[in-house]
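Structure assessment
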Protein chains: 2
Amino acid sequence: MIDHGGNLDVAQRRFGGRPEDWIDLSTGINRHPYPIPELPAHLWNALPSRAEIESLHGAARQAYGTTAPVLAIAGAQAAIELLPRLAPPGAAKILVPTYGEFGHVLRAAGWSVEGVSDVESLAGADLAIVVNPNNPDGRHHDPQWLKALASRVGRLVIDESFADAVPELSLASQAGRAGLLILRSFGKFYGLAGLRLGFALGGEADIAMLARMVGPWPVSGVAIEIGRRALLDRAWANQTRVWLTRDAKRIDETARNAGWELVGGTPLFRLYETGDGARAQERLARAQIWSRVFKDGPSWLRLGLPGDETEWQRLSMALSR
Amino acid sequence: MIDHGGNLDVAQRRFGGRPEDWIDLSTGINRHPYPIPELPAHLWNALPSRAEIESLHGAARQAYGTTAPVLAIAGAQAAIELLPRLAPPGAAKILVPTYGEFGHVLRAAGWSVEGVSDVESLAGADLAIVVNPNNPDGRHHDPQWLKALASRVGRLVIDESFADAVPELSLASQAGRAGLLILRSFGKFYGLAGLRLGFALGGEADIAMLARMVGPWPVSGVAIEIGRRALLDRAWANQTRVWLTRDAKRIDETARNAGWELVGGTPLFRLYETGDGARAQERLARAQIWSRVFKDGPSWLRLGLPGDETEWQRLSMALSR
């Protein structure tokens, strides 16, 4: 397994403290989560019905602005695990630097994997992968360019795990075309990563193939109900976009005061040039704030956004020391 | 997708009624579920940590009486979906009649699949599959015979989805041997099928391969916590075994009074010879009680056990008409 954020147990072993002492900013998970509603007993007890799963798919189509076939899966990661099996192993190109699981999963399944640094160089791949906006540097890719690219590769996978906060970047409306497959994360923007929910949006053949791979009950009853409600709640999503955009500016100021320079980011996380990522991580960890560093960018530090005012104060304090 | 129980939406479309009007006895899911505990917020919000997942694995080892490597997965069904990928397609033999998904999933992945009617005929298969106790007829297979079979096939998969109520049938204690893989369902015995939780128990290589296939976060935070607590609760499990065994006798009497003959079963479901399964199903469905019929056994009807006294009364009434 490769390194991820969210590994707070590693932080605890190295720096001590109880889980509840820590502020975990090592992921891009919204710390103002969608509220958990009352959950009727049948969601726990019974197998999810086709009708329930279809109503979740409908909510996802509405939230993402598409009429394309949709499949609920146990997190965007679960969809990534299935990608190598959509076609016989061939030549994959990935726009890098980005989320490490794509290369990892494809190589393990016998694909040749090349990392390229610009969209144009993806042309000709059997499988091209773009994360938009990108993780960890927040790079934006013009959806029209990506749409044009789709016809120049075997299959284009766009991971829009962080697109909820910047919906203008999404190509979800085009997801029905053959050869284009879009992945969405539910847990990040809605702050419910423990729920394990995500979606694949794509052409009929791809979605049918993925549906066969995951079987009849890929997500839990509570994920179906909470996901459905949250995705239909436009007011919450709009409000959250406003908050996150405002808070992203606030954390950039805090970081600037600490001498860090913004590399890029999305309203869910920020990447900073700190001079020495490991040292910056340790500085925060001593104040029980966990962050993410990168082997490929040793001077970088990625931070999610703090939640309540106490968390903001602790971050400011830790960085002013 | 193939036919399953739990498809209450089909019943409603055919026979009317609101979901809450129906008693769903079409599955073998315990209708006295394990109580949902208080759920700390981080189970919803954060990605499950390695430590949390490992503590669930420890609880499963304790409950199933094994020291073998264990992997939590999103239901026994999720493990079935992965079976065809543990080895290159070859010759699979399945002890039939049984749960239809094994043959379905293996054929779709290019395996040759032969149904055989006795354990001895499984010998020589690249992949042999036994459900113990069997679904739908409750057939028991001597674990010592199965243990001996393991060395005469490429890989022996034993689906123990219904073994919690008859633990003396389990081979979990032997699961560490190479070539033996055991599947366990959590949701049936604990009455929490909506949670999507199950386990694979096996040799180190098989479990490591399955772990790579499912990725780092295959089950939800709430499934981890509820599963862990329930599996460690011996008193609840013992009490539940007593109840289910008593209730199985009671439903058999009710069925006998209706003129049905017991074919077999487990303490979680009973299979009856009714003369005409479709007519028997319709008779119950008019009283908003849903049951399971089988294409391969048109005179059979399978019933799960009713929950509270009202449900028992409704079943008696429906069968006395």
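Residues numbered from 1 in each chain as written. Chains lettered and ligands numbered in written order. Predicted model: local features only at pLDDT ≥ 70, side-chain atom pairs only at ≥ 80, totals over all residues. Heavy atoms only, no water.

1. Section: the sheet that holds strand β10 (residues 269–273) of chain B
Strand pairing within a sheet occurs via backbone hydrogen bonds; the two strands may be parallel or antiparallel. All names here are of chain B. The four strands are arranged β9-β10-β13-β12 in an open sheet whose pairing can be described as antiparallel. Every interior strand has two partners, whereas the edge strands, β9 (261–266) and β12 (292–294), have only one. Mean inter-strand twist for the sheet, computed between neighbouring axes without regard to direction, equals 25°. Judged from the five bridges that link them, β9 and β10 form a sheet pairing that is antiparallel. Counted as the bridge partner of Leu262 is Tyr272 from β10. Most of the contacts of helix α9 (residues 234–257) go to β10, to which it runs at about 20°, and overall it touches β9, β10 and β13 (297–304). (Pairing = 2+ DSSP bridges. Helix = DSSP H or I, 4+ residues; strand = E, 2+ residues; numbered from the N terminus. Axes fitted to C-alpha atoms, helices over the stretch in contact; angles between N-to-C directions. Contact = heavy atoms within 4.5 Å.)

2. Things to note about the pattern of salt bridges
Residue and element names in this part refer to chain B. Using the criterion set out here, one finds 28 salt bridges over all chains in the structure. Note that Glu225 is salt-bridged to Arg229, the shortest N-O span being 2.9 Å. Taken together, the residues Glu225 and Arg229, both in helix α8 (residues 221–232) and four residues apart, mark about one turn of the helix. Residue classification places Glu225 among the buried positions, given a relative accessible area of 13%. Here Glu309 makes a salt bridge to Arg250, at a shortest N to O gap of 2.8 Å. (Salt bridge = Lys/Arg side-chain N within 4 Å of Asp/Glu carboxyl O. Buried < 20%, exposed > 50% of the residue type's maximum accessible area, 1.4 Å probe, protein only.)

3. Regarding helix α1 (residues 8–15) of chain A
Looking at α1 of chain A, one finds that the buried residues are Leu8, Asp9 and Ala11 of chain A. Taken end-on, α1 of chain A shows its buried residues confined to a sector of 155°, consistent with a single buried face. Exposed residues on α1 of chain A whose side chains face more than 90 degrees from its buried face are Arg13 and Arg14 of chain A. If you follow the buried residues of α1 of chain A, they end up packed against β1 (23–24) and β11 (289–290) of chain A together with α3 (50–64) of chain B. Gly16 of chain A sits one or two positions beyond α1 of chain A and adopts a positive phi of about 80°. (Arc of directions from axis to C-beta.)

4. What to know about the side chain of Ser299 of chain A
The topology assignment puts Ser299 of chain A in strand β13 (residues 297–304). Among the polar contacts listed, one links the side chain of Ser299 of chain A to the side chain of Glu273 of chain A, at a separation of 2.9 Å. (Polar contact = N/O pair within 3.5 Å; in protein donor to acceptor, adjacent residues only side chain to side chain.)

5. Section: the environment of Leu231 of chain B
For Leu231 of chain B, the position within the fold is in helix α8. Ignoring anything within four residues of it in the chain, the contact list for Leu231 of chain B reads Leu56, Ala59, Ala60, Ala63, Tyr64, Phe186, Tyr190 and Phe199 of chain B.

6. Quick notes on the packing of α3 of chain B against α8 of chain B
Residues and elements named next belong to chain B. Close contact between α3 and α8 brings their axes to 8 Å; oriented N to C, the two are set at 25°. With respect to their mutual orientation, α3 and α8 come out roughly parallel. Our pair here, α3 against α8, has a crossing hand that is left-handed. Facing Glu52, Ile53, Ser55, Leu56, Ala59, Ala60, Gln62, Ala63 and Tyr64 of α3, the residues of α8 in contact are Ile224, Gly227, Arg228, Leu231 and Leu232. Tallied by class, residues from the contact of α3 with α8 come to nine nonpolar, three polar and two charged. (Parallel < 35°, antiparallel > 145°, perpendicular 65-115°, else oblique. Left-handed = near helix turned anticlockwise from the far one by under 90°. Nonpolar A, V, L, I, M, F, W, Y, C, P; charged D, E, K, R; others polar.)

7. A look at the interface of chain B and chain A
With 41 residues of chain B at the contact, the number on the chain A side is 41 residues. Around 3,100 Å² of area is buried between chain B and chain A when both sides are counted, 63% of it from carbon and sulfur atoms. The interface formed by chain B and chain A holds zero salt bridges in total. Along the contact surface separating chain B from chain A lie 16 residue pairs in polar contact (both at pLDDT 80 or more). Of all the secondary structure elements, the ones that give two or more residues to the side of chain B that touches chain A are α2 (41–45), α3, α4 (76–82), α7 (204–214) and α8 of chain B. Ranked by residues supplied to the side of chain B that touches chain A, first place goes to α7 of chain B with four residues. (Buried area = accessible area lost by both parts, 1.4 Å probe.)

8. Focus: empty space enclosed by the protein
In the structure shown here, the tally under the stated rule is five cavities of 30 Å³ or more. Space inside the largest cavity adds up to approximately 370 Å³. Along its surface, the largest cavity is lined by 24 residues, and Ala78 and Val214 of chain A together with Ala74, Ala78 and Val214 of chain B are the ones closest to its centre. At the level of elements, α4 (76–82) and α7 (204–214) of chain A together with α4 and α7 of chain B are the ones that each hand at least two residues to the lining of the largest cavity. Grouping the amino acids of the lining of the largest cavity by side-chain chemistry returns 16 nonpolar, two polar and six charged. One number sums up the size of the second largest cavity: a volume of about 70 Å³. Forming the walls of the second largest cavity are Ala74, Leu195, Arg196, Pro218, Val219 and Ser220 of chain A together with Ala74, Leu195, Arg196, Pro218, Val219 and Ser220 of chain B. (1 Å grid on protein atoms, 1.4 Å probe; cavity = no way out; pocket = protein on both sides within 12 Å on 5 of 7 lines; lining within 4 Å. Points joined across faces, edges and corners; volume = space filled by probe spheres on them.)

9. What about the sheet that holds strand β2 (residues 70–73) of chain A?
Residue and element names in this part refer to chain A. Reading across from one edge, β2-β8-β7-β6-β5-β3-β4 is the order of the seven strands in this open sheet, with mixed pairing throughout. Two strands in the sheet have a free side with no partner beyond their single neighbour: β2 and β4 (112–116). The sheet shows a mean angle of 20° between the axes of neighbouring strands, taken without regard to direction. Of the strand pairs in this sheet, strand β3 (residues 91–95) and β4 are connected by five bridges, and their pairing is parallel. Its bridge partner being in β4, Ala91 is matched across the sheet by Ser112. Where α7 meets the sheet, it contacts β2, β6 (155–159), β7 (180–185) and β8 (198–202), and its direction lies at approximately 25° from that of β2.

10. Remarks on the confidence of the model for chain A
Summarising the model, chain A shows a mean pLDDT of 95, and 99% of its residues fall at 70 or more. Reported confidences for the modelled complex are a pTM of 0.95 and an ipTM of 0.95. (pLDDT = per-residue confidence, 0-100.)

11. Considering the pairing of β10 of chain B
All names here are of chain B. Most of β10 sits inside the fold, with four of its five residues counted as buried. Between β9 and β10, which pair antiparallel in sequence order, lie two residues. Looking at chain direction, β10 and β13 are connected through five bridges and run antiparallel. Paired with Glu273 across the two strands is Trp300, which belongs to β13.

12. Considering the packing of aromatic side chains
The full count for this structure, using the stated rule, is 29 aromatic pairs over all chains. Measuring from centroid to centroid gives 5.2 Å for Tyr34 of chain A and Trp236 of chain A, while their planes differ by 75°, and the two rings are edge-to-face. Taken together, the residues span a long stretch of sequence, with Tyr34 of chain A in the loop between β1 and α2 (42–45) and Trp236 of chain A in helix α9 (residues 234–257) at a distance of 202 residues. Trp236 of chain A shares its class with Tyr34 of chain A; the two are buried. Seen from their ring centres, Phe294 of chain B and Trp300 of chain B are 6.3 Å apart, and the 75° between their planes marks the pair as edge-to-face. Across this residue pair, the class does not change: Phe294 of chain B and Trp300 of chain B are buried. Three or more aromatic residues joined by ring pairs form one cluster here, namely Tyr34, Phe186, Phe189, Tyr190 and Trp236 of chain A. Above the plane of the ring of Phe269 of chain B lies Arg302 of chain B, whose end atom (NZ or CZ) is 5.5 Å from the centre. (Phe/Tyr/Trp six-rings, centres within 6.5 Å; stacked < 30°, edge-to-face > 60°. Lys NZ or Arg CZ within 6 Å of the ring centre and 35° of its normal.)

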